[in-house]
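In case you want the letters, here they are:
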Amino acid sequence: MIKYLGSKRVLLPAIREAVRDLQPSGTVLDLFSGTSRVGQVLKQDGYQVIANDHNSYAATIARCYIQADRESWLNHAQQEIGRLQDIADANPVEGDNLGGWFTQSYCRESRYFQEANGVRIEAVREAIQAGAYDPELEAILLVSLMEAADRVDSTAGVQMAYLKQWAPRAHHALELRMPELWPRPTSGPCQAWRKEALEAAQSFSGGLVYLDPPYNQHSYLGNYHIWETLVRWDAPETYGIACKRTDVRERKSAFNSKPGCAVAMEEVLRELHGCPLLVSFSDEGYLAREQMESLLRVHGTVETRAFGHPRYVGAKIGIHNPQGERVGKVSHVRNQEYLFLVRPPS
Ligand SMILES: C[S@@+](CC[C@H](N)C(=O)[O-])C[C@H]1O[C@@H](n2cnc3c(N)ncnc32)[C@H](O)[C@@H]1O
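Just so we're clear, the structure is a prediction, and the values are computed from it rather than from any experiment.

(A) The packing of aromatic side chains, seen in detail. Evaluation of the coordinates by the stated rule reveals 15 aromatic pairs. Plain terms: the ring middles of phenylalanine 102 and tryptophan 233 are 5.9 Å apart, the flat faces sit at 40° to each other, and that makes the pair tilted. Pair noted here: phenylalanine 102 is in helix H5 (residues 101-109) and tryptophan 233 is in the loop between helix H10 (225-232) and strand S5 (238-239), with a separation of 131 residues, a long-range link. Residue phenylalanine 102 shares its accessibility class with tryptophan 233, and that shared class is buried. Here the aromatic cluster, defined as three or more aromatic residues joined through ring pairs, consists of Trp101, Phe102, Tyr106, Tyr112, Phe113, Tyr162, Trp227 and Trp233. The side chain of lysine 195 reaches across the aromatic face of tryptophan 193, ending 4.9 Å from its centre. Positioned above the aromatic ring of tyrosine 239 is the side chain of arginine 249, whose terminal nitrogen or guanidinium carbon lies 3.8 Å from the ring centre.

Right, dumping it as structure tokens:
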């Protein structure tokens, strides 16, 4: 699993319990799926899951872990990952001019990966492209590559900046592993969508919806722009020291704006009226607990569960400027995470 801000790893047992308590019938929609961790445990619990996220890398993760079933792909994917590892191991070739666009952008103009790993990532990505695979198998291979690259990156967990000194893990050679796939639940096949939250809410009928929107101004696309590029493989124009894709400036989420967040949430909720809802939010988010409760009360009775939670890993590592220098102190390392359970009137 990649390092991901806002990942609900620690809250998974509480989320599982809350979903059980809401007694969903039919499909469960994870509207902002990110790493798809939540969808994965729900798929394991036997729910028919739809995982949605508007970023390509997240939709690819969901296609691998949520849509693709273990029994369909395990053997074939293992074979292909072995073949791709051979390609990684055969690189860099001595006397080669060391990679192309990816290596130039993320290993020389910026320093997210050591050059040797940049070349390996690039060689494997080209092989996946050339393979013209079924989209589910392709997603498994891309996730294997993304996770391997994440294990040798030199960041504090976001791609706003790379570290001034190489992270020790960056010196290891790229190693592809088989992502852990889950069997198809008996309730039916699961799906991955790449839609705007509002459009996904409009397309959904019946069942429970889990909502874990961004909490603040930090754009996920900006924080994980290299994964977006690795998946799209579109050699985009980039800007700044962090070499972000220029479309980071245009592809905005309303949930990343303080004035836009409540309105966007209201619009999405309106489309989901009548569904049981489970909402994750934090006391550091744009909406205070009372505000969120009053938005939700329109759609049913609200029960709030609060959890003390360690802040994201970056909070412990410290605040860094784009050059990777430590520039400030973090005020606190714990925050409150809320789960809001909404039961619609019967
Ligand atoms: C807090 S994270 C979700 C984390 C996820 N629950 C996990 O455990 O990994 C929010 C996600 O919402 C996605 N997102 C942001 N705005 C969106 C929008 N308007 N429509 C769909 N997805 C959006 C981001 O790409 C990000 O992955």
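(B) How the structure looks around the pattern of salt bridges. Under the criterion given, the structure shown has 19 salt bridges. When the shortest N-O distance is used, the salt bridge between aspartate 45 and arginine 16 registers 2.9 Å. Of this pair, aspartate 45 sits in the loop between helix H2 (37-44) and strand S2 (49-52) while arginine 16 sits in helix H1 (residues 12-22), placing them 29 residues apart in sequence. When the shortest N-O distance is used, the salt bridge between arginine 251 and glutamate 228 registers 2.7 Å.

(C) Expanded view of H1. When we look at burial in H1, the residues that qualify are Leu12, Ala14, Ile15, Ala18, Val19 and Leu22. Considered in projection along H1, the buried side chains sweep an arc of 160° and stay on one side of the axis. Just downstream of H1 lies glutamine 23, where phi reads positive at about 45°.

Procedures and definitions
- Residues numbered from 1 in each chain as written.
- Predicted model: local features only at pLDDT ≥ 70, side-chain atom pairs only at ≥ 80, totals over all residues.
- Heavy atoms only, no water.
- Phe/Tyr/Trp six-rings, centres within 6.5 Å; stacked < 30°, edge-to-face > 60°.
- Helix = DSSP H or I, 4+ residues; strand = E, 2+ residues; numbered from the N terminus.
- Buried < 20%, exposed > 50% of the residue type's maximum accessible area, 1.4 Å probe, protein only.
- Lys NZ or Arg CZ within 6 Å of the ring centre and 35° of its normal.
- Salt bridge = Lys/Arg side-chain N within 4 Å of Asp/Glu carboxyl O.
- Arc of directions from axis to C-beta.

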